[in-house]
Amino acid sequence: MDILDLQFMIDCVPQIFIQGVPIALKIGLVSFFFGLLIGLVNALFKIYKVPVMSQLATVYISFFRGTPLMVQILIFYYGIPIILRAVNAKYGTGIDVSGVPAIDYMYIVYSLNIGSYLSESTRSAILSVPHGQVEAGYTLGMSTPKILRRIIIPQALTVALPNYGNTFIGLLKDTSLAFIASVPEIIGQAKIIAGRTSMFFESYIVAALIYWLLCIILEQVLRILEKRARRHERRA
Amino acid sequence: MPFMDIKGLRMSYGSNEVLKGVDLSVEKGQRVIIMGPSGSGKSTFLRCLNHLEKSSHGEMVFDGRTINMGKWTKSDIRFVRADSAMVFQNYNLFAHRTALENVMEGLVQVKKIKADEARKTAEYYLDKVGMLERNDYYPSALSGGQQQRAAIARALAMNPKVVFFDEPTSALDPELVGEVLNVMKQVAEEGMTMLVVTHEVSFARDVADVVVFMDGGVVVEIGPPEQVLDNPQHERTQKFLNMISQDHGIGLGEEGKTVQPNAQSYTIKAKRTVPRK
Ligand SMILES: Nc1ncnc2c1ncn2[C@@H]1O[C@H](COP(=O)(O)OP(=O)(O)O)[C@@H](O)[C@H]1O
Ligand SMILES: [Mg+2]
């Protein structure tokens, strides 16, 4: 008997790929986008030492970096409905708790999780932009938000890009944990097939290969982006 | 009425008082050269004028507006920055923008000039500082002298009424000092009001209307260049001038001599080439 049934593996690619990958990408992209916003806001709170907010940011970052993602998923997946029901009971709001798709909870928990990591990389990237350029902006009459938008953020993004890329690749792999909230992403699909056919080994290997492929593609995209972003550092 | 009139300017970093009551009055079109030992507060002084540093006390009349320097309002800051520009020791060009984009930035973003018109203005000023053929270079691909000339173009393009220069040639390799001083001299000839912190004595002799010698956070001596540079009244000024003339290996700008090694192409003329204000 063969260890692996190759034909079976080929046959289950379409289901895992077509149904699982879009969900994984959706969780990854949406959470990364909100994570970037959270990260930027936190970084600014900390850099400008905004009272109260910068302390809250510190606690938030520490919690989400200091607890397992799996635990965060479980807490949010089971906790938010309880809170929503309590809100419904107290304020008479008619939120349809059981109607909220599981993936919406995933957007929230993954955004918060990834935001905590992006806070630190964004903060150090912003601080890497020489302060003299900020001062030059001021003497031209630019406002602080304009300097942020035109001078600091574009350069900070370049600095942070490798870090962001790696964080995104990590995030995409971590979306595999969403199966514990019954979200049918890549691993979720593999589990469904495995449960139906008992072909566990084959199903999970296909899932692994799909993650691997995605990561290879992402790494290439990242390399191109980095090259483009760093064009001002090239000596003519 | 003078264009700028600063009275009793004080500034502290924490408990360390760095400016201990500085007075200075600057006429329109005047070139003021500020000298003094390292740490005497020259940079801090310039940076208090456009609120890059927060002064604790003082009053400044700037282009007819009276400003309480112990309590700047947002509109004071806007007022001064709109009509002043600064050139820094480390150029501080925006690293992610080409020379041209650096000059255009303030025109488009602050003065709200349309991009194609801003481009023309930027090209005009880059041409003026001899940088036109390098206008699409990023700062990292430019020499220090080229970066500083682009930074001067960026300052001038904003059409300021006064330009502050904080040791604009101090970070440059000696052979690049001359090209920057020549551009600054041209700016002086065109009548710009300038406050320049520099140790380039020959440049001071050539363009200064007033030389200020600072030490320990106060103005020790102030007067026309031939008084402060050639006939200083205070011992501290004499000592300082002796020291920098030794450092630079030059006499203090004798006639006909090309200043070496610090200002290669900057030759001292028999007579001042820049008319006195
Ligand atoms: N950011 C700062 N924080 C604390 N002290 C400073 C800072 N910048 C300058 N100083 C101090 O202020 C004094 C004046 O500095 P500065 O104005 O830079 O002098 P100069 O330009 O004449 O060399 C120095 O004693 C310096 O150590
Ligand atoms: Mg200085």
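Residues numbered from 1 in each chain as written. Chains lettered and ligands numbered in written order. Predicted model: local features only at pLDDT ≥ 70, side-chain atom pairs only at ≥ 80, totals over all residues. Heavy atoms only, no water.

J.: How should the pattern of salt bridges be read in this particular structure?
T.: Any two side chains of opposite charge can pair if their charged atoms end up close together. Scanning the model with the defined rule gives 17 salt bridges over all chains in all. Among the ionic pairs, Arg47(B) bridges to Glu135(A), the shortest N-O distance being 2.6 Å. Linking Arg47(B) in helix α1 (residues 42-49) with Glu135(A) in helix α5 (residues 131-139), this pair reaches from one chain into another. Under the relative-accessibility criterion, Arg47(B) is labelled buried at 13%. Three or more residues joined by partner-sharing salt bridges are found here, namely Lys46(A), Glu120(A) and Arg123(A). (Salt bridge = Lys/Arg side-chain N within 4 Å of Asp/Glu carboxyl O. Helix = DSSP H or I, 4+ residues; strand = E, 2+ residues; numbered from the N terminus. Buried < 20%, exposed > 50% of the residue type's maximum accessible area, 1.4 Å probe, protein only.)

J.: I would appreciate a short explanation of the sheet that holds strand β2 (residues 16-26) of chain B in the present structure.
T.: Strand pairing in a sheet is mediated by backbone hydrogen bonds. Such pairs are either parallel or antiparallel. Residues and elements named next belong to chain B. A sheet is described by the order of its strands in space; here four strands give the open sequence β2-β1-β4-β5, paired in antiparallel fashion. What marks the edges here is a single partner per strand, and that holds for β2 and β5 (65-68). Here the average twist between neighbouring strands, direction ignored, is 20 degrees. In terms of strand pairing, strand β4 (residues 57-62) meets β5 through four bridges, oriented antiparallel. From the neighbouring strand, Met60 faces β5, where its bridge partner is Ile67. Across the sheet, α1 is in contact with β1 (4-13), β2 and β4; its angle to β1 comes to roughly 115 degrees. (Pairing = 2+ DSSP bridges. Axes fitted to C-alpha atoms, helices over the stretch in contact; angles between N-to-C directions. Contact = heavy atoms within 4.5 Å.)

J.: Explain the site of ligand 1 here, please?
T.: All names here are of chain B. Near ligand 1 the following residues occur: Tyr13, Val18, Pro37, Ser38, Gly39, Ser40, Gly41, Lys42, Ser43 and Thr44. A distance of 3.2 Å separates an oxygen atom of ligand 1 from a polar backbone atom of Ser40. A distance of 2.7 Å is found between an oxygen atom of ligand 1 and a side-chain nitrogen or oxygen belonging to Ser43. Taking 560 Å² as the accessible area of ligand 1 by itself, protein coverage stands at 58%. Here the shell around ligand 1 gets three residues from one element, more than from any other, and that element is α1. Of the residues assigned to the shell around ligand 1, the class counts are three nonpolar, six polar and one charged. (Near = heavy atom within 4 Å. Polar contact = N/O pair within 3.5 Å; in protein donor to acceptor, adjacent residues only side chain to side chain. Areas by Shrake-Rupley, 256 points an atom, 1.4 Å probe, with all protein chains shown as cover. Nonpolar A, V, L, I, M, F, W, Y, C, P; charged D, E, K, R; others polar.)

J.: Looking at this model, I keep getting lost on the packing of helix α4 (residues 115-128) of chain B against helix α5 (residues 144-157) of chain B. Mind explaining?
T.: In helix packing, the relevant descriptors are the interaxial angle and the interaxial distance, both defined with respect to the helix axes. All names here are of chain B. Relative orientation of the contacting elements α4 and α5 amounts to 130 degrees, with a least axis distance of 9 Å. One element, α4, and the other, α5, form an angle in the oblique class. The handedness of the crossing between α4 and α5 is right-handed. Counted together, Thr121, Tyr125 and Leu126 of α4 and Ala150, Ala153, Leu156 and Ala157 of α5 form the full contact between these two elements. (Parallel < 35°, antiparallel > 145°, perpendicular 65-115°, else oblique. Left-handed = near helix turned anticlockwise from the far one by under 90°.)

J.: Looking at this structure, how should I read empty space enclosed by the protein?
T.: Vacant regions in the atomic arrangement are exposed by a probe of water-molecule size rolled over the atoms. Applying the stated criterion to the full structure yields one cavity of 30 Å³ or more. In this structure, the largest cavity encloses a volume near 40 Å³. Considering the residues around the largest cavity, the lining is formed by Ala136(A), Thr139(A), Leu140(A), Ala85(B), Met86(B), Ala151(B), Arg154(B) and Ala155(B). Looking at the lining of the largest cavity, the elements that each hand over two or more residues are α5 of chain A together with β6 (84-87) and α5 of chain B. Looking at the lining of the largest cavity residue by residue, the class counts come to six nonpolar, one polar and one charged. (1 Å grid on protein atoms, 1.4 Å probe; cavity = no way out; pocket = protein on both sides within 12 Å on 5 of 7 lines; lining within 4 Å. Points joined across faces, edges and corners; volume = space filled by probe spheres on them.)

J.: Would you mind going over the environment of Lys161(B) with me for this structure?
T.: Residues and elements named next belong to chain B. Mapping Lys161 onto the fold places it in the loop between α5 and β7 (162-166). A relative accessible area of 31% means that Lys161 is categorised as partly exposed. Once the C-alpha coordinates of Lys161 and Ala82 are considered, the two residues, 79 residues apart in sequence, prove to be 9.0 Å apart. The residues touching Lys161, leaving out its near neighbours within four places in the chain, are Phe3, Lys28, Asp63, Asp83, Met192 and Thr193.

J.: Could you clarify how one ought to interpret the interface of chain A and chain B in this entry?
T.: Many structure descriptions define interface size as the accessible area lost when the parts assemble. Listed per partner, the contact involves 22 residues of chain A and 24 residues of chain B. Buried area between chain A and chain B, both sides added, is near 2100 Å², and the carbon and sulfur share of it is 57%. Our count for the contact surface shared by chain A and chain B stands at two salt bridges. Run the count over chain A and chain B and you get nine residue pairs in polar contact (both at pLDDT 80 or more). Broken down by secondary-structure element, the contributors of at least two residues to the side of chain A that touches chain B are α5 and α6 (144-174) of chain A. Top contributing element to the side of chain A that touches chain B by residue count: α5(A), with seven residues. (Buried area = accessible area lost by both parts, 1.4 Å probe.)

J.: Help me out: how do you make sense of the pairing of β2(B) in this one?
T.: In summary, the side chains of a regular strand alternate between the two faces of the sheet. Residue and element names in this part refer to chain B. Relative to β2, β1 is paired through eight bridges, and the arrangement is antiparallel. The residue of β2 that forms the bridge with Arg10 is Lys20. Counted along the chain from β1 to the antiparallel partner β2, the turn is two residues long, and its residue Gly14 has a positive phi close to 60 degrees.

J.: What should I look at first to understand the pairing of β1(B) in this one?
T.: Judged from the five bridges that link them, β1(B) and β4(B) form a sheet pairing that is antiparallel. For Met4(B), the partnering residue across the bridge sits in β4(B) and is Phe62(B).

J.: So what exactly am I meant to see when it comes to the confidence of the model for chain B here?
T.: Predicted coordinates in regions of low pLDDT should not be interpreted in detail. Of all residues in chain B, 90% have pLDDT values of 70 or greater, and the mean over the chain is 91. Long-range and interchain partners of residues 249-265 of chain B, a stretch whose pLDDT sits below 50, account for 44 contacts in this model, where long-range means more than four residues apart. (pLDDT = per-residue confidence, 0-100.)

J.: In this structure, what is going on with the side chain of Glu185(A)? I would like to understand it.
T.: Residue and element names in this part refer to chain A. Residue placement: Glu185 occurs in the loop between α6 and α7 (186-197). Here Glu185 is buried and forms no salt bridge, its nearest opposite-charge partner Lys191 lying at an N-O distance of 9.3 Å. Separated by 2.7 Å, the side chain of Glu185 and the backbone nitrogen of Gly188 make a polar contact. Not counting residues within four places of it along the chain, the set of residues in contact with Glu185 comprises Gly20, Ile23, Ala24, Thr175, Ser176, Ala178, Phe179 and Tyr211. (Lys, Arg positive; Asp, Glu negative; His and termini not counted.)

J.: So what exactly am I meant to see when it comes to the side chain of Lys42(B) here?
T.: Residues and elements named next belong to chain B. Positionally, Lys42 belongs in helix α1. For the buried residue Lys42, which engages in no salt bridge, the nearest side chain bearing the opposite charge is Glu167, 4.3 Å off. A polar side-chain atom of Lys42 sits 2.9 Å from the main-chain carbonyl oxygen of Gly36. Among the polar contacts listed, one links the side chain of Lys42 to the backbone oxygen of Pro37, at a separation of 2.9 Å. Apart from residues lying up to four places away in sequence, Lys42 is in contact with Ile34, Met35, Gly36, Pro37, Glu167, Val197, His199 and Met214.

J.: Help me understand helix α3 (residues 99-109) of chain B, please; the structure alone is not making it clear to me.
T.: For the α-helix, the turn length of 3.6 residues means that residues three or four positions removed from each other point alike. Across the 11 residues of α3(B), nine count as buried, placing the element largely inside the fold. Every buried residue of α3(B) is listed here: Ala99(B), Leu100(B), Asn102(B), Val103(B), Met104(B), Glu105(B), Gly106(B), Leu107(B) and Gln109(B). Elements that come into contact with the buried residues of α3(B) comprise α6 of chain A together with α4 and α5 of chain B.

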